[in-house]
Amino acid sequence: MGEMAQDLAEVLGAELACSARAGGQTGETDFFLLHGVIIDPWQLLGAPPCAAGVVQALFLAPGLTCQTVRGRLPRGGGLQRGPAGPRPSTPLLRGWPIAANATGETVGSRRAVLSAGAVSVLLGTSDFTIVALALPSFTEQFDASTSAVVWIALSYQLVVLGLTLPMGRLGDQFGHKAMFAAGAVVYSLGLMSAAVAPGILALIFLRAVQGAGAAMMVSVSFGLVASAFPANQRGRAFGLMGSVAGFGLMSGPALGGILLETLGWRSIFWARAPLALAGFAIAVIYLRNIQVTSDRKIDFAGAALLSGALVLMAVGLNRGSAEGWTSPLVVLMFPLSAAAATVFALRSVRIESPILDIRLFRDPVLSVAVVLMIVAGGAMVAVLFVMPFYLLIARGLPPATAGLVMLAHPAAVIVFSPVAGRISDWIGARAPTAAGLGLVAVAIFLFSGLHPATPVLLIVAILVMSGLGDTHFQTPNQAVLMGAAPRDRVGTVSALVPTLRYIGIITGIASCEAIFTSGLGPSGLEGADAETVTSAARTAFLVIGGVAVLCALIALFRPSVRASAAGGSQR
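Everything in this summary refers to the structure shown in the same document. In this text, all values refer to a predicted model and were calculated from it rather than measured experimentally.

### Some remarks on the nonpolar core
Among the nonpolar cores identified, the biggest contains 106 residues, and Phe 138, Leu 203, Phe 269 and Leu 481 are the most heavily contacted of them. For this core, the leading source of residues is helix 5 (residues 110-142), giving 17 residues. Apart from residues lying up to four places away in sequence, Leu 481 is in contact with Leu 366, Ala 369, Val 370, Met 373, Val 493, Val 497 and Leu 500. Counting 51 residues, the second-largest nonpolar core is a separate cluster that includes Val 405, Val 440, Leu 450 and Ala 537.

### Section: the packing of helix 17 (residues 408-427) against helix 19 (residues 456-483)
For any two helices packed against each other, the geometry comes down to the angle between their axes and how far apart the axes lie. Their axes nearest at 7 Å, the elements helix 17 and helix 19 cross at an angle of 40 degrees. One way to sum up the angle between helix 17 and helix 19 is to call them oblique. Considering only the axes of helix 17 and helix 19, their crossing is right-handed. When helix 17 is examined against helix 19, the residues Ala 408, His 409, Ala 412, Val 413, Phe 416, Ser 417, Ala 420, Gly 421, Ile 423 and Ser 424 are found in contact with a partner set consisting of Val 460, Leu 463, Val 464, Ser 466, Gly 467, Leu 468, Asp 470, Thr 471, His 472, Thr 475 and Pro 476. Broken down by class, the residue content of the contact of helix 17 with helix 19 amounts to 11 nonpolar, nine polar and one charged.

### Here's the deal with the environment of Gly 504
Mapped onto the elements of the fold, Gly 504 is located in helix 20 (residues 490-518). Take Gly 504: its relative accessible area is 0%, and that puts it in the buried class. Sequence separation between Gly 504 and Ala 376 is 128 residues; the distance between their C-alpha atoms is 7.8 Å. Those residues within four positions of Gly 504 in sequence are excluded, and the remaining contacts are Ile 374 and Gly 378.

### Overview of helix 17
The end-to-end C-alpha distance of helix 17 is 27 Å, a good match for the 28 Å that 20 residues give at a rise of 1.5 Å each. Of all bends in helix 17, the biggest is about 45 degrees, found at Phe 416, and the proline Pro 418 comes one to four residues later. Considered for burial, the residues of helix 17 that qualify are Ala 408, His 409, Pro 410, Ala 412, Val 413, Ile 414, Ser 417, Pro 418, Ala 420, Gly 421, Ser 424 and Asp 425. Gly 428 occupies a position one or two residues after helix 17 and carries a positive phi of about 95 degrees.

### With respect to the packing of aromatic side chains
Tallying each qualifying case throughout the model produces eight aromatic pairs. Aromatic ring contacts, followed pair by pair, group Phe 138, Phe 142, Trp 265 and Phe 269 into a single cluster. One cation-aromatic arrangement involves Arg 110 over Phe 229; the distance from NZ or CZ to the ring centre is 5.7 Å.

### Digging into helix 18 (residues 430-447)
The end-to-end C-alpha separation of helix 18 is 26 Å, in line with the 26 Å expected for 18 residues at 1.5 Å each. Taken residue by residue, helix 18 has Pro 432, Thr 433, Ala 434, Gly 436, Leu 437, Val 440, Ala 441, Ala 443, Ile 444 and Phe 447 as its buried positions. Taken together, the buried residues of helix 18 touch helix 15 (364-394), helix 17, helix 19 and helix 21 (530-556).

Conventions adopted
- Residues numbered from 1 in each chain as written.
- Predicted model: local features only at pLDDT ≥ 70, side-chain atom pairs only at ≥ 80, totals over all residues.
- Heavy atoms only, no water.
- Core = buried A, V, L, I, M, F, W, Y, C linked by side-chain atoms within 4.5 Å.
- Buried < 20%, exposed > 50% of the residue type's maximum accessible area, 1.4 Å probe, protein only.
- Helix = DSSP H or I, 4+ residues; strand = E, 2+ residues; numbered from the N terminus.
- Contact = heavy atoms within 4.5 Å.
- Axes fitted to C-alpha atoms, helices over the stretch in contact; angles between N-to-C directions.
- Parallel < 35°, antiparallel > 145°, perpendicular 65-115°, else oblique.
- Left-handed = near helix turned anticlockwise from the far one by under 90°.
- Nonpolar A, V, L, I, M, F, W, Y, C, P; charged D, E, K, R; others polar.
- Expected span 1.5 Å × (residues − 1).
- Bend = angle between axes of the 7 residues up to and from the residue.
- Phe/Tyr/Trp six-rings, centres within 6.5 Å; stacked < 30°, edge-to-face > 60°.
- Lys NZ or Arg CZ within 6 Å of the ring centre and 35° of its normal.

Right under this line is the structure:
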């Protein structure tokens, strides 16, 4: 048991054996807590890269075929009701109806807008998991420690977190197409340069460059989709993007595993460059550069304060888990983050063109959507953090079997996201989000009843239930968030979506880790038996389940969505 626990800790890059003698956890927690998404189960569970890739590719093929290739897109014309919108005469665009935004300006073909958004989502989600799988290769290639190699992942994550909101505001000012296309170019150059990086320091820097490009693309992706689709079709569009996100999370290690074992670590960067260049081509050829505001003033100081507050918070959460919550660094990080956020907020209400106008949150519709995205998103991610420990240690499942079990949740996300979007378009967001969070709460409480002999099929069924609930919350809630965006702040609110998701992930994992490890006792994971791990997991599930119930109640009584400035209204 001790050897299995140690193997798991090494694979996670987060040593959870918090013994009193060690006085805390190692710095290798860096990678896990700042990963940005839950690391794919195959990487968590230590399966060989090539085997992981083959099994995952086979597993996700039906979802890809049904939801991505055959995704049903509206064939109508413009955003406004009435006759179909204008169609371009350019042969390259023929057959791709142009979608108009709320002011009647064309933002581009709906299919093209959705394709561009899908490119950014796919690049972002697959990047997390591909680089995670490659960390051991980097350690061997550069003869570096885990604490050094982890910055290949962290530099990307911190830049994305710090720059996404400022880039969203710049997209409002200079055009969403321009921002997306520039981001695709920066990302492509970062990928191709990283593929020929001579050393680890150069690779860390070039990963930060990729992060800047990713922030530019993802910051305006949801805004582009919200502007291209009317409110009564926005849910299905976001649902298809949700399927792409699930596909990216599952396919990243599949592609990465095959590439690492056949062509080496440099190939994981070369292989994705064509996709980024395709995103650039789509943006340049098919999209229209619409500026939602004529205000061109750039709030550099506000951008620095906001980015600093977010990055300091992320580092504090990371180091709190790694070094203990009373360590001098952590004690310093959170006050500095709070101070930067306070100065930013006070400054935001006094200047004309802030990067993020906090007065946006006076709208209860937007504020509730923001709170739910952070809290509920963190709760659902926390479940996926605990499950591998239960499956490997409490159940003693082989890594391959445990990995297949864990795939049930993202598979459900791929399959059900478009369904959730269509339902929210039909009946509005309140019922689906409340029901989705209710399903999540039920699933989490069912997890709290797990024991070392629980049938594997029952665990899979509960994971599917949690994935079903997740999709019926996430997709409609994103539609609500974008529907509440003022016309001159579409890019800003669009950038909130990935930023809030990331904040929810790192806070949810940090909180759940603290609850789980406290239940393991002074010997930590290394000395834990099946009953101890099950008991610790049960405690974590009960707390997370309580949070999910609270979120479901908030969603049930959330304010009705008003007519949005982004175009149209939702029920």
